[in-house]
Amino acid sequence: MTTTESIATKGQTTARSEASPLTPRSTPDLDAPALVAELRTTFASGTTKSIAWRKGQLKALRRMLVEREDDILNALASDLGKPNIEAFVTEIAFVLTEIAVALKNLDRWVRPEKVRIPATQLPGKGRIYRDPLGVVLVIGPWNYPVQLLLAPIVGAIAAGNCVVLKPSEVSPTVSATLSAIIPQYLDNSALRVVEGAIPETTALLAQRWDHIFYTGHGSTGRIVMAAAAKNLTPVTLELGGKSPTYVDASANLTVAAKRIAWGKFLNAGQTCVAPDYVLVHRSVEAELLKKLQEAVTQMYGVNTQETPDFARIVDSRHFIRVSALLDGEGAGTPFFGGERDASDCFISPTVLVGTDPESKVMQDEIFGPLLPVLAVDGVEEAIAFINNRDKPLALYVFAEDKQIAERVLDSTSSGGACINGTLFQLVPPTLPFGGVGESGQGAYHGRSTFETFSHHKSVLKKTTRLDPPIAYPPYTERKKKILRRFL
């Protein structure tokens, strides 16, 4: 693997060059069937079912994140130019929170859940057991390559599974770093990392898994689901889509602009739940645009490329893709921004006006620092606009009028939503995170991740002390009357 032109130190972005591209590593001599067989042997031994083992692995993962923080942050800076504090908060601290929640609650989560049973089954006791699924595959993306790979395995470990992790080849430094350090901390007989690109992923998908957890683009999600269907493997798909924002005339525009700009331009817009476009009440459009520019200047300065607080596009291929959206027919014109530097994979925070709703920038998920702002005449037009498109992963509403906010929530469908904020709905581990329709299926975070990687086994325990003859043939008229009465 070639190295970057310069690896960032803490708090700095990375200078990258078209002359020194990053190349993905592969896993030499990958024998996917043998790998899965080895993990199935481990699972069959019962090792991972031990609560002590699960807690031990979670603590080891926590220790890895703490002790190897600099290695991880440098890798994130290398691949994505992530600012130090942004990388720590969104990648490392996020996973540490997930681990803390799992360790605190694991004893309660694994306890059989008591449920009421009907009178006809008395005497008896109903319980729901959480069994580990077995051997699972987690395929991570490149935009948050630590958080979105490791947060799912927190729940997979807590539930008692063996795991294969497949990091994204698009963020190769992070992939190599995790591949190197994970075996130093976690049980290699139960948790493995497989590096590589399409050949390795294809080989893994050809195997029989007990669950596949995929985060990424919808087109690949379809491939994952088709492969899983051959073995009737359940899947969790965390996809994306065009997450809309509606700014009402009643909104606090200063706060709205600040929170929209932060949510959009974090990680250079490469966030699956970033606001993808803004629908703003026509009466406040001009003021919102002005405040968006003020917010961006306040956060990143006049020359964004010089600030250490703004990330970069992940690679030249995605730089070209985002640039094509900016230059595309009907994309509109920059109200501010639009600066680019291919040698640095840099695109400045850009707000577009005059965008055609049918243009490519309004059809494709942007995944970059471009934000179209479109004026609407009111909430009903905004609702109709949103509902005429695929169901998004996230939806944002800025309104001081509570009835307006509730109107949008009641009339639209999205994976999640946030009122008067962006991205904040991801933070509480008590709120399941997931999509709907084109934006994904299944959910995780906190207990929901544990549940995703557990089988809910229903068990009814009966006593043999009582064995009423009414349940057995022959069915006399008297038995029939009694059964009809109680059933």
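The shown structure was predicted, so the numbers you read here are calculated from the model rather than taken from an experiment.

The rules we used
- Residues numbered from 1 in each chain as written.
- Predicted model: local features only at pLDDT ≥ 70, side-chain atom pairs only at ≥ 80, totals over all residues.
- Heavy atoms only, no water.
- Axes fitted to C-alpha atoms, helices over the stretch in contact; angles between N-to-C directions.
- Helix = DSSP H or I, 4+ residues; strand = E, 2+ residues; numbered from the N terminus.
- Parallel < 35°, antiparallel > 145°, perpendicular 65-115°, else oblique.
- Left-handed = near helix turned anticlockwise from the far one by under 90°.
- Contact = heavy atoms within 4.5 Å.
- Salt bridge = Lys/Arg side-chain N within 4 Å of Asp/Glu carboxyl O.
- Buried < 20%, exposed > 50% of the residue type's maximum accessible area, 1.4 Å probe, protein only.
- Pairing = 2+ DSSP bridges.
- Right-handed = clockwise from strand over helix to strand, strands pointing away.

J.: Any chance you could explain the packing of helix α2 (residues 51-67) against helix α4 (residues 84-110) here in plain terms?
T.: Helix packing for two helices is described by the angle between their axes and how far apart those axes are. One way to put it is that α2 packs onto α4 with a least axis distance of 10 Å and a crossing angle of 165°. It follows from the interaxial angle that α2 and α4 lie roughly antiparallel. Note that α2 runs across α4; the crossing there is left-handed. Contacts from I51, R54, K55, L58, K59, L61, R62, L65 and V66 of α2 reach α4 at I92, V95, L96, I99, A102, L103, L106, D107 and V110.

J.: Explain the pattern of salt bridges to me, please; I cannot follow it from the model alone.
T.: Any two side chains of opposite charge can pair, so long as their charged atoms come close to each other. Within the structure shown, the criterion is met by 19 salt bridges. Across the salt bridge formed by R407 and E380, the nearest N and O atoms sit 2.9 Å from each other. Of the two residues, R407 is situated in helix α13 (residues 402-411) and E380 in helix α12 (residues 379-387); the sequence distance between them amounts to 27 residues. A relative accessible area of 36% means that R407 is categorised as partly exposed.

J.: In this structure, what is going on with the pairing of strand β16 (residues 416-419)? I would like to understand it.
T.: For a regular strand, the rule is simple: side chains alternate between the two faces of the sheet. Pairing analysis gives 4 bridges linking strand β15 (residues 394-398) to β16, with the strands arranged parallel. Looking across to β16, one finds that V397 is bridged to I419. Following the backbone out of β15, through α13 and into the adjacent parallel β16, one traces a crossover that is right-handed.

J.: I'm lost on the sheet that holds strand β7 (residues 235-238) in this one. Help?
T.: The strands making up a sheet associate through backbone hydrogen bonding, with each pair oriented either parallel or antiparallel. If you walk across this open sheet you meet the 6 strands as β5-β4-β3-β6-β7-β18, and the pairing is mixed. Each end of this open sheet is capped by a strand with a single partner; those strands are β5 (191-193) and β18 (440-441). Alignment of strand β6 (residues 211-215) against β7, held across 4 bridges, turns out to be parallel. Residue pairing for β7: I212 is matched across the bridge by V235. Docked against the sheet, helix α5 (residues 147-158) engages β3 (135-139), β4 (162-166), β5 and β6, running at close to 175° with respect to β4.

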